[in-house]
Amino acid sequence: MPRAIMCVLDSFGIGAADDADKFGDVGSDTLGHIADACAEGKGDKEGLRSGPLSLPNMDRLGLGAAARASTGKDIKGLDFSGTPESHWGFAAEVSNGKDTPSGHWEIAGVPVTFDWGYFPDEDPSFPAELIEKIIEVGELPGVLCLTHGSGTVVIEEFGEEHVKTGKPIIYTSADSVLQIAAHEESFGLERLLDLCVKCRTLVDEYNIGRVIARPFEGSAEAGFERTSNRRDYSVLPPAPTVLDRLEDAGRQVIAVGKISDIYAAQGITKLLKGAGNDQLFDRTLEAMDLAKDGDLVFSNFVDFDMLYGHRRDVPGYAAALEHFDKRLPEMIEKMNDGDLLILTADHGCDPTWKGTDHTREHVPVLALVKGEKGSNIGKRPTFADMGESVAKHLGISAGENGNSFL
């Protein structure tokens, strides 16, 4: 029996979705706009990269073809003209919201049909009674920030005061999140994680998707820097996912990166952590060594979103894509005949778009079955088709949402 490897290139959208008008994202296009910028020299950065976007390995799998099918436009730098080697196409999201849990849960066969709760873009963003409870359960001297903000910016602004006072930095974003930043040494990593666990319960009544621990280190003099010990505390998916069905069938589900956090560890049998896309790639290769017949390796490459999309960093995003593309043959080489590799995304985060939020976009679906010819799978009406394709490939029961394209 073959194995399956699913890689989510976090935020790698390929063109505005049909319902992008509901999200203020008409015209967004993460891949297309990065390619345009690189072709115009706006993706050049000394010591990092220069020239047109170059993704030859993903292009051979069908990335350029999928993007053209999504947008009706050619993608500058993606000029592969042969027959794509994977089952290629693109998928539209049916879930409410354009955040991480919605996209990932739908990929695994459970679209989000309810509305998440959000904290408003006001000052303060949080209800006074919630903050009072957080201070009480955390035995805190107080809290800082309490508004929408970028993690690196709020740490730079409030980091010194946090270290001096012991007050954690609490902030949010356009996503359904409560984020808490604290210094690993002066506040304590375990204390921060414990506080986030307690806050997870407190925000349930507000229907908040995630509480995120954002530990950092350093000093005001030398500069603060976030560490790799981030943790996401998500609510449980509202129904069993393909991960649960695989676990019930006695299969391994090996999660790499923040995948386990996104599913609240449900349906995960083994976890491999990593800091940064390169280390996450290494952990994925390790997971493939651990995977036996019928198992799933499920990886999230978070840097595309966290470091480059939200920070609107075109050169950084382009360089990260090119580096992933250069390493992709390592993953393909490690596949056995019959193994399935799916490259996709959970939403967009166009680094040329206004603001710092995610963008409502189609995502690529590049499904390589080693040893088989590729095919055009067209537009998939839900991300859940990917989960159902994994289920069919691994020989387990079908779920309630989506249809296999294999």
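Structure report, in brief. (Residues numbered from 1 in each chain as written. Predicted model: local features only at pLDDT ≥ 70, side-chain atom pairs only at ≥ 80, totals over all residues. Heavy atoms only, no water.)

1. Side note on the side chain of Thr 382
Tracing the backbone shows Thr 382 in the loop between strand S14 (375-380) and helix H13 (384-394). Only 2.8 Å separates the side chain of Thr 382 from the side chain of Glu 106, close enough to count as a polar contact. (Helix = DSSP H or I, 4+ residues; strand = E, 2+ residues; numbered from the N terminus. Polar contact = N/O pair within 3.5 Å; in protein donor to acceptor, adjacent residues only side chain to side chain.)

2. Let's talk about the pattern of salt bridges
Inspection of every chain in the model, using the stated rule, returns 29 salt bridges. Residue Asp 261 is joined to Arg 231 by a salt bridge in which the shortest nitrogen-to-oxygen separation is 3.3 Å. One end of the pair, Asp 261, is in helix H9 (residues 259-262); the other, Arg 231, is in strand S8 (residues 231-234), and 30 residues separate them in sequence. A relative accessible area of 30% places Arg 231 in the partly exposed class. (Salt bridge = Lys/Arg side-chain N within 4 Å of Asp/Glu carboxyl O. Buried < 20%, exposed > 50% of the residue type's maximum accessible area, 1.4 Å probe, protein only.)

3. Re helix H3 (residues 63-71)
Since one α-helical turn is 3.6 residues long, residues separated by three or four positions face the same way. When H3 is considered as a whole, its buried residues turn out to be Leu 63, Gly 64, Ala 65, Ala 66, Ala 67 and Ser 70. Packing partners of the buried residues in H3 comprise helix H1 (30-39), helix H2 (56-61), strand S2 (87-91) and strand S13 (363-369). With its phi angle positive at about 80°, Gly 72 sits one or two positions after the end of H3. (Contact = heavy atoms within 4.5 Å.)

4. A closer look at the packing of aromatic side chains
Scanning the model with the defined rule gives 11 aromatic pairs in all. On the basis of an interplanar angle of 75° and a centroid distance of 4.8 Å, the ring pair of Phe 114 and Trp 116 is categorised as edge-to-face. Residue Phe 114 is classed as partly exposed on the basis of its relative accessible area, which comes to 27%. A residue is classified by how much of its surface remains accessible, and Trp 116, at 6% relative accessible area, is buried. A centroid spacing of 5.6 Å and a plane angle of 75° characterise the contact between Phe 281 and Phe 324, whose relative ring orientation is edge-to-face. (Phe/Tyr/Trp six-rings, centres within 6.5 Å; stacked < 30°, edge-to-face > 60°.)

5. Quick notes on the packing of helix H5 (residues 128-138) against helix H7 (residues 184-202)
Two measures define how a pair of helices packs: the angle their axes make with one another and the distance between the axes. Here H5 crosses H7 at 140°, and the two axes come no closer than 10 Å. In terms of axis orientation, H5 runs oblique to H7. The interaxial crossing formed by H5 with H7 has right-handed handedness. Contacts from Leu 130, Lys 133, Ile 134, Val 137 and Gly 138 of H5 reach H7 at Arg 191, Leu 195, Lys 198, Cys 199 and Leu 202. Of the residues contributing to the contact of H5 with H7, the split by class is 6 nonpolar, 1 polar and 3 charged. (Axes fitted to C-alpha atoms, helices over the stretch in contact; angles between N-to-C directions. Parallel < 35°, antiparallel > 145°, perpendicular 65-115°, else oblique. Left-handed = near helix turned anticlockwise from the far one by under 90°. Nonpolar A, V, L, I, M, F, W, Y, C, P; charged D, E, K, R; others polar.)

6. Quick word on the environment of Thr 71
Its location among the elements puts Thr 71 in helix H3. Assessed through its relative accessible area of 25%, Thr 71 is described here as partly exposed. Excluding anything up to four places from it in sequence, Thr 71 contacts Ile 14, Gly 15 and Asp 29. At 2.9 Å, the side chain of Thr 71 and the backbone oxygen of Ala 67 are in polar contact.

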